[in-house]
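Chain by chain, the residues run as shown.
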There are 2 protein chains.
Amino acid sequence: MSLIVMKFGGSSVGTPERMQRVAKRIIERQQEGNDIVVVVSAMGDTTDDLIDQSKQLNPNPPAREMDMLLTVGEQISIALLSMTIHQSGHRAVSFTGWQAGIRTEAVHGKAKMTNIHPERVFKALEQGNVAIIAGFQGMTEEGEITTLGRGGSDTTAVAMAAAMNADVCEIYTDVDGIYSTDPRVVKNARKLNEISYDEMLELANLGAAVLHPRAVEYAKHNNVKLVVRSSFTQNEGTSVKEEAVMEQGVVVRGIAFDKNVARISIMGVEDVPGVLANVFGALANNGIDVDIIVQSGVQDGKADFSFTVSGDDKDKAIRVIEGIRSTVSFREATSEADLVKVSIVGAGMVSNPGVAAKMFATISSLGVSIKMVSTSEIKCSCVITAEPLNDVVRALHTAYGLDTADQVFVGGPQERR
Amino acid sequence: MSLIVMKFGGSSVGTPERMQRVAKRIIERQQEGNDIVVVVSAMGDTTDDLIDQSKQLNPNPPAREMDMLLTVGEQISIALLSMTIHQSGHRAVSFTGWQAGIRTEAVHGKAKMTNIHPERVFKALEQGNVAIIAGFQGMTEEGEITTLGRGGSDTTAVAMAAAMNADVCEIYTDVDGIYSTDPRVVKNARKLNEISYDEMLELANLGAAVLHPRAVEYAKHNNVKLVVRSSFTQNEGTSVKEEAVMEQGVVVRGIAFDKNVARISIMGVEDVPGVLANVFGALANNGIDVDIIVQSGVQDGKADFSFTVSGDDKDKAIRVIEGIRSTVSFREATSEADLVKVSIVGAGMVSNPGVAAKMFATISSLGVSIKMVSTSEIKCSCVITAEPLNDVVRALHTAYGLDTADQVFVGGPQERR
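Residues numbered from 1 in each chain as written. Chains lettered and ligands numbered in written order. Predicted model: local features only at pLDDT ≥ 70, side-chain atom pairs only at ≥ 80, totals over all residues. Heavy atoms only, no water.

The next point concerns the domain arrangement of chain A. Each assigned domain of chain A is listed here: domain 1 (3-173) and domain 2 (254-399). A straight line from the C-alpha centre of domain 1 of chain A to that of domain 2 of chain A covers 39 Å. (Domains from an automatic or database assignment.)

Okay, the relation of the copies chain A and chain B next. The transformation that overlays chain A on chain B combines an axial shift of 0.0 Å with a rotation of 180°, and the residual RMSD is 0.2 Å. Both chain copies can therefore be described as sitting about a two-fold axis. No C-alpha of chain A approaches the rotation axis more nearly than that of V72 of chain A, which lies at 2.8 Å. Comparing interface residues between copies, 100% of those in chain A also sit at the interface in chain B, which points to an isologous, same-surface contact. (Least-squares fit on C-alpha atoms with pLDDT ≥ 70 in both. Contact = heavy atoms within 4.5 Å.)

A few words on the nonpolar core. Counting 74 residues, the largest nonpolar core has I26 of chain A together with I26 of chain B as the members making the most contacts within it. Other than its neighbours up to four places away in sequence, I26 of chain A contacts M6, F8, I36, V38, L81, I85 and V130 of chain A. (Core = buried A, V, L, I, M, F, W, Y, C linked by side-chain atoms within 4.5 Å. Buried < 20%, exposed > 50% of the residue type's maximum accessible area, 1.4 Å probe, protein only.)

Let's shift gears to the pattern of salt bridges. Side-chain pairing between opposite charges can occur once the charged atoms of the two side chains come close. Residue and element names in this part refer to chain A. Applying the stated criterion across every chain yields a total of 38 salt bridges over all chains. A salt bridge links E144 to R64, with the shortest nitrogen-to-oxygen separation between them at 2.8 Å. Separated by 80 residues along the polypeptide, E144 in the loop between β7 (137-139) and β8 (145-147) and R64 in helix α3 (residues 63-87) bring together distant segments of the chain. By relative accessible area, which is 14% here, R64 ends up buried. When salt bridges that share partners are traced, they join R29, E32, E170 and R229 into one network. (Salt bridge = Lys/Arg side-chain N within 4 Å of Asp/Glu carboxyl O. Helix = DSSP H or I, 4+ residues; strand = E, 2+ residues; numbered from the N terminus.)

Residues and elements named next belong to chain B. Among the 5 residues of strand β11 (residues 226-230), 5 are classified as buried, and the element is accordingly described as predominantly covered. What you see with β11 is no split at all: L226, V228 and S230 on one side and V227 and R229 on the other are buried throughout. When strand β9 (residues 168-173) meets β11, the two strands line up parallel, connected through 5 bridges. Residue pairing in the sheet places E170 in a bridge with V227 of β11. Relative to strand β12 (residues 238-241), β11 runs antiparallel, the two being bridged by 3 bridges. (Pairing = 2+ DSSP bridges.)

Residues and elements named next belong to chain A. The positions that UniProt labels "binding site: substrate" (unreviewed entry) are, in the present scheme, T47 and E74. Look at the named residues: they lie 28 residues apart in sequence, but the longest C-alpha span between them is just 8.9 Å, so in the fold they bunch up. In this structure, T47 sits in helix α2 (residues 46-57). Here T47 falls in the buried class, since its relative accessible area comes to 12%. A relative accessible area of 0% places E74 in the buried class. (UniProt positions renumbered as here; feature names shortened; annotations may be inferred.)

Below, the discussion takes up the side chain of S153 of chain B. Residues and elements named next belong to chain B. Its place among the elements puts S153 in helix α5 (residues 152-163). Accessibility expressed as a relative area gives 0% for S153, which makes it buried. Of the polar contacts made by the side chain of S153, one reaches the side chain of S41; its length is 3.0 Å. (Polar contact = N/O pair within 3.5 Å; in protein donor to acceptor, adjacent residues only side chain to side chain.)

Next comes the structure, spelled out in structure tokens:
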């Protein structure tokens, strides 16, 4: 008998029909001989509706009271899902985060879990129940209700799987797995059977928003086997685990890309200690996330360096930099918008020389110039102009042998909470 | 400095404007120099909406999961009310039932409170907060979420007042106090300044649905002073307490009435031990509430007796009685519908002979015949035909000196949960 954690997002339970389909799916999995723990998010628009109500009364509500309000969404889901399972003649018991023993630090709105005491959940399973747990929430040692922030329900599922030593944590989503690239761009993108935690993290951060990075990190840290699969089909999905098998001759797992990237360059910066800390400290203090940073050496005591930000932050970033001229001496700051970042990701890259060179050659052969490059052990990213992005992704997908003829993408709008 | 518990029903917080008015009321009361504990119900239609959602998925949901679902309603109220108080620059902390330390027996849907541990609520007050508590809910010793059933929020308020030794428990409603009779029937009904627990119980049970009888019983048992007052006016309201002052020369506090009463008579019942237990046991097992029971002696080993039920239960009651002919021998069962019960209530009656006689005389003087009579120490009830009810109530109101010239009734649809 296996212990399986099944996580369903808000759109999977957004209507009575979907709730019934999820209940059926859970019962099928139980009747295969498994103990089932379910983690579920708030239904459809519940969270947004609650936020709207609160904004009418207080545009800046205290985070503690916001947690008190929003945890209601998952509590509604667990009660209704439990009732739905009962209606089909099976047994289920719902648990709020605190009832499931999820303890967090004393922070509201984005608490981290500290530990889990799943005794009541184990007892419910022993008595033949499906155990249904509210995602996204927990309780401090002082009995305060907290929420876990973005990706919270994914993280709840992974944490319950780790605490209960589950055999697998299945994340049910609107898509039927992780793809080698966005199937909307490359028609014959392949669904991956397996992917490593690290590869998944690179793909998630680069835009494949199926699984929250925090949940992947948690799974990696606790060695929880994840499976990403569709709520709507019986397809096998994608396994995410420590060591993922690579097909013969394939070193790149997938092609990821970020749209709406801007480059900022600061030219003729006086090279004194602490100058980079000053620049990036100021950007961070103004809430600007910086991605790639490139510095190309020092000449005559002056350096040029470039970095990328979201296109939306471009003008603000320039203003912040002009604002620190009193502490940082430089000649000029320039910017360029309408760029994209395209990345190849694969654990095999580290032991295969020439993988990056093939990327540069493929991009160049399309007459596209590469503006910035950044590499890690399992990733190589290039910043290019936006216009040829789809051609570049298709060419890379083919060049690294990822194309498949018979893949059908099953997808829809993605959910993240 | 006084400690005041303020209870607001669902319609008092049903819109953003009402929520803001309640918040203002709370802050005013605090700024008069009081510590304030607030108990609040679910907003407007929230509970009904949740029930509708559940019925779509399971027409007979398990009571445990129904409690999990419905307690959400009060949790939304407390969070939003707390945010509203913060918005006006004051401090508030919300508590679910379990956070406020409300422990109940292990029964779902209508649990009784066993004890209260209000340490966290006291601490919140010490730190200068308004403490806002979800009504209608609690937790078992095993950590299961429970609801208290009908009148639950009133009872929560009274119980918190008792546990915290509050100076007064103020119940805010849609009407501005308890009246000597229904002001829709008697235009110059008087608002009562004071009323005893026992009188209130008789009036509540007889139809003045402002305060739930269970809450009054709890207040009487713990000697908690109640004040019933309007959410919408600054009027003083009605105090409910152990000893209520009677005005000189007045022995009756109020005139109550129940509409839609039916009389059932069972004639020629063989007078053997246990016959009454058989009849009323069968009625109770079929969910039929019996009110007045009258038996008028035994003749030739046969008795006649009559009782009243709600008009809606008349036919069912007759069917139940015909169904027990095998165990209870009787000649025939008859019924009469379209009756009403009118009652005079007052603690002074016990020491004033002739009060009941005046009631019979007043009713008779209108040419109305009395079909049944029932008396207790502080109440005398007569069953009559429905048609002359309003005239009878007006005549009794005048006869017992309750009329007043300058009273203005402020009321609306009544709330009860």
